[in-house]
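# Reading the structure
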Amino acid sequence: MRIVKKIILFFIVLSILITAGLWIYFNSLKPNYEGTIKLSSINNKTTVYFDDFGIPHIYAQSQEDAFTSLGYVHAQDRLFQMELIRRIAPGKLSEIFGKEMLKTDVFFTKLGIEEASKKSIEKLDKNSEVYKLSMAYLNGVNQFIEEGSTPIEFTLIGIKKEKFQLLDVYNIFGYMSFSFAMAQKTDPLLTIIQQKLGEAYLKELNIATNPNSTLIKNSKASIESFENIINQANTALKSSPIPPFIGSNSWVVSSKKTSTGNVLFANDPHIGYSQPSVWYEAHISTPNYEMYGYHIAGVPFPLLGHNRNFAYGLTMFENDDIDFYQEENNPANKNQYKTPEGYKNYTTTYKTIKVKDSSDVIVEIKSTRHGPIMNHAINDISQAEPVAMSWIYTQFTIKSLEALYTISHATKMEDVKKGAALIHAPGLNIMYGDAKGNIAWWATGKLYKLKSDANRSFILNGATGKDDVDAFLDFTQNPMAENPSWNYVYSANNQPDTIANILYPGYYLSEDRAKRIVQLITPKNNWTKESMSAMINDDISPVALEIVKEFTPLINYNSLTKNQQSAFDILQLWNGSNSIENIASTIYNKWVYLYLKNTFEDELGKELFNKFNATHVMKVAIANHLKKENSIWWDNVSTPEKTETRKDIVSKSFVEAVNLLEKQLGNNIMGWNWGKVHILEHPHPLGTVSYLKKYFNVGPFPINGAKEVINNTGFEYNNTGIYNVTFGPSTRRIIDFSDVENSISILPTGQSGNPFSKHFKDQVELYNKGKFRKMKLNKKEIIATSTILTILPKNE
């Protein structure tokens, strides 16, 4: 009996020791929000106040000390996120995740981002403030790597901590820039439609080629090659552990349209949801600089920001800065391709990708004068018809770092404009408002014209030179507006007005959000922070209501069942709202998917139809195509005995929608709430492991919003009837220059990426409800609500 008691006592003591050990270990992993630390290269005492949402407010005697401190606190909250995002562009994800990431690594390795980064760093002035402050930030990051705790993700995956370099910052810019692009999904798809189906089908999508342009010759091999390019791009971006940038809203209202006589600024960039979310907020105050900024992991200067004098933000321009060229091999020499000056040798390089628990992979990269060949490396498609990718980003010196420094350190509106002019890619809309009453927006990007009138939404002819770039436009010709007479500026990724006598080519989104923004802003001249916070959460779609008015008269009401008639009535009474309680949203989106499927899948086939659904072409097509009574797409080519009409397809889709919703959600239509099918979960890279999911992912939650409303959410249409939201507002910011210290914002989950931090997900409930918190600038208020981390020079 004594032995049994001793054994029991032993296990009790052991359990206590293990529990205590784990408690000590897990607590050691928490971010350090208070106390005192010492860092090298800090010259004077620096104080970091972490407010009630974990936002650091850094008060320093110099910018160098401030940016060193920023690097340290950024790393302690987001080091794992920083590690992942710096690995994407150079193709180093397989090194930590294994073969699952090999396709992603191969794809990004071929883009040439790292090579362009290295060339640009060589040209960076090492005596400039841009360089000095960037290195100060990296110094802070690296001191945390050396002296701080190791994030649990590093331990679970087995990642060795390595210092950050300036090259990592530039590579992050490269990934970010590519994630904005749509050409890699769209150009090959439209070329396939052109070759498989012909011009008549494209015309019905409001897409046409120039009849005088040289067209690519049709072949089965080329179609397979084009499909492969789409597959590579989709795989690379979907499997990336860091979310892509998608779209955005922003509007700035002049003093003449506000109740206070001061500018109001709003911005909500749309980015893929993840945990942690993309933005890290930080407020820096020094004797000669103050900025409340939103930082990307690993980037020293904020992409969004404000202070007491001005505010800036961004949306995606959606211009076309990628062109694909079909090259022509030399039939007598496979190592050469045709150019206007005769045959030239391919440039061939090799890169090694390290793969965890496997052998290294050697990647061959062949390039032409246009860029890398993109239809070869993954599935070993024949090089008989190689397609090269020409991307503006890798063709010019990258000045994104200088641009962000210039914008964030601006003292007047012209400085922000100068910073915007430095960005040759990606295409962005830089939005601006200030305390003096100025409002503006500038489209960034190196815009250009081709020698021919070829439609750049298709794969171009690479051999003749006729489709090459003819001229680059000066920045002054880019779309922009400064203090316009209509007293507001806005952007919703829609087509800008004519520039250089052309509508500039791009992958612009449908008019839905733009139409709603203009509809709300134009008639109102007494805007307040409160009314603007309601607008930024607006989920009404005027275009959806127009679509309902277009298709419901085509349906024979008397032929419907009682439930179908009830669904019909709900749609006709719909106000366009997409709140979680709404029922019409569920019916409408099911109908939209089935309308698309019944209209386009028979011609495209299942695989291409799914790719079509992932492009902006699909979003733009819905409203426009539905109005075309005699469109060639209406007929189902798989039923040769019958010629289907618009009425047939629309009616069939509605009946099928109701029948499928009955099976999915039951016969009681009043239970078909949007929140049951429109679901948001914030995925962490380790959330793909089932037993870790509940510890790292945040959600799922029912969420307000829908495709292309102001409260924009992204999801795939598919057979499940569940709309898993993959992107949406990455922050909602409203800056009120009548009361700038009480400007408001919100993040989707929380400030910290550390799962042991209390700020890992402390904003999620506010975000889901469309609420806000302060972006504090008042030092007394900051001190009253904060913990204090004091940073001293290491030699003290």
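Look up: the structure comes first, before these words.
Residues numbered from 1 in each chain as written. Predicted model: local features only at pLDDT ≥ 70, side-chain atom pairs only at ≥ 80, totals over all residues. Heavy atoms only, no water.

### What about the pattern of salt bridges?
- Counted according to the given criterion, the structure contains 28 salt bridges.
- For Asp168, the salt bridge identified is with Arg86, shortest N-O distance 3.0 Å. Of the two residues, Asp168 sits in helix α8 (residues 166-179) while Arg86 sits in helix α2 (residues 63-88), which places them 82 residues apart along the sequence. For the pair Asp168 and Arg86, a shared accessibility class is recorded, and that class is buried.
- Between Glu146 and Lys163 there is a salt bridge, with the nearest N and O atoms lying 2.9 Å from each other. Residue Glu146 is found in helix α6 (residues 129-147), and its partner Lys163 is found in the loop between α7 (152-157) and α8; the two are separated by 17 residues along the sequence.
- By relative accessible area, Lys163 is classed as partly exposed at 47%. (Salt bridge = Lys/Arg side-chain N within 4 Å of Asp/Glu carboxyl O. Helix = DSSP H or I, 4+ residues; strand = E, 2+ residues; numbered from the N terminus. Buried < 20%, exposed > 50% of the residue type's maximum accessible area, 1.4 Å probe, protein only.)

### Re the sheet that holds strand β13 (residues 342-345)
- What the 3 strands build is an open sheet, ordered β11-β12-β13; its pairing is antiparallel. Single-partner strands in this sheet number two, and they are β11 (329-330) and β13.
- Sheet topology places β11 next to strand β12 (residues 333-339); 2 bridges connect them, and they run antiparallel. Looking at the pairing, Asn330 lines up with Asn333 of β12. (Pairing = 2+ DSSP bridges.)

### Describing the packing of helix α18 (residues 584-604) against helix α19 (residues 606-613)
- Where α18 contacts α19, the axes come no closer than 8 Å and their chain directions differ by 130 degrees. The orientation of α18 relative to α19 falls into the category oblique. The crossing of α18 and α19 is right-handed. Side by side, α18 and α19 meet where Tyr593, Leu596, Lys597, Phe600, Glu601 and Leu604 of the first sit next to Lys606, Leu608, Phe609, Phe612 and Asn613 of the second.
- Across the contact of α18 with α19, the residue classes tally to 7 nonpolar, 1 polar and 3 charged. (Axes fitted to C-alpha atoms, helices over the stretch in contact; angles between N-to-C directions. Parallel < 35°, antiparallel > 145°, perpendicular 65-115°, else oblique. Left-handed = near helix turned anticlockwise from the far one by under 90°. Contact = heavy atoms within 4.5 Å. Nonpolar A, V, L, I, M, F, W, Y, C, P; charged D, E, K, R; others polar.)

### Digging into the nonpolar core
- Judged by nonpolar contacts, the single largest core of 136 residues is most densely connected at Leu111, Trp279, Ile296, Leu401 and Trp442.
- Contacts of Trp442, omitting those with residues within four sequence positions, involve Met413, Val416, Lys417, Ala420, Leu428, Asn429, Ile430, Tyr432, Phe475, Pro479, Met480 and Glu482.
- Ranked by size, the runner-up nonpolar core spans 57 residues in total, among them Ile193, Val548, Leu596 and Tyr717. (Core = buried A, V, L, I, M, F, W, Y, C linked by side-chain atoms within 4.5 Å.)

### What to know about the packing of α18 against helix α20 (residues 616-626)
- Relative orientation of the contacting elements α18 and α20 amounts to 80 degrees, with a least axis distance of 12 Å. If you check the angle between α18 and α20, you find them roughly perpendicular. Across from Trp591, Val592, Tyr595, Leu596, Thr599 and Phe600 in α18, the residues of α20 making contact are Met618, Ala621, Ile622, His625 and Leu626.
- Taken together, the residues of the contact of α18 with α20 sort by class into 9 nonpolar, 2 polar and no charged.

### Points about the pairing of strand β18 (residues 439-443)
- Most of β18 is tucked away: 5 of the 5 residues are buried.
- Alternating residues of β18 divide into Ile439, Trp441 and Ala443 and Ala440 and Trp442, and every residue in both groups is buried.
- Summarising the sheet, strand β17 (residues 428-434) and β18 pair through 5 bridges and their orientation is antiparallel. Within β18, the position partnered with Met431 by the bridge is Trp441.

### Overview of the sheet that holds strand β31 (residues 787-793)
- Here we have 11 strands laid out as an open sheet, ordered β1-β31-β2-β3-β6-β7-β8-β9-β17-β18-β22, and mixed in their pairing. With partners counted over all chains shown, the strands left at the sheet margins are β1 (35-39) and β22 (480-482), one partner each. In this sheet, adjacent strand axes meet at a mean angle of 20 degrees when their direction is disregarded.
- Pairing geometry for strand β8 (residues 304-306) and strand β9 (residues 310-316), over 2 bridges, is antiparallel. Residue His306 lies in a different strand from β9, and its bridge partner there is Ala311.
- Against the sheet, α2 engages β1, β2 (46-50), β3 (56-59), β6 (280-286), β7 (289-295) and β31, with an angle of about 160 degrees to β6.
- On top of the sheet, helix α13 (residues 413-421) reaches β9, β17, β18 and β22; it is set at about 15 degrees to β18, its chief contact.

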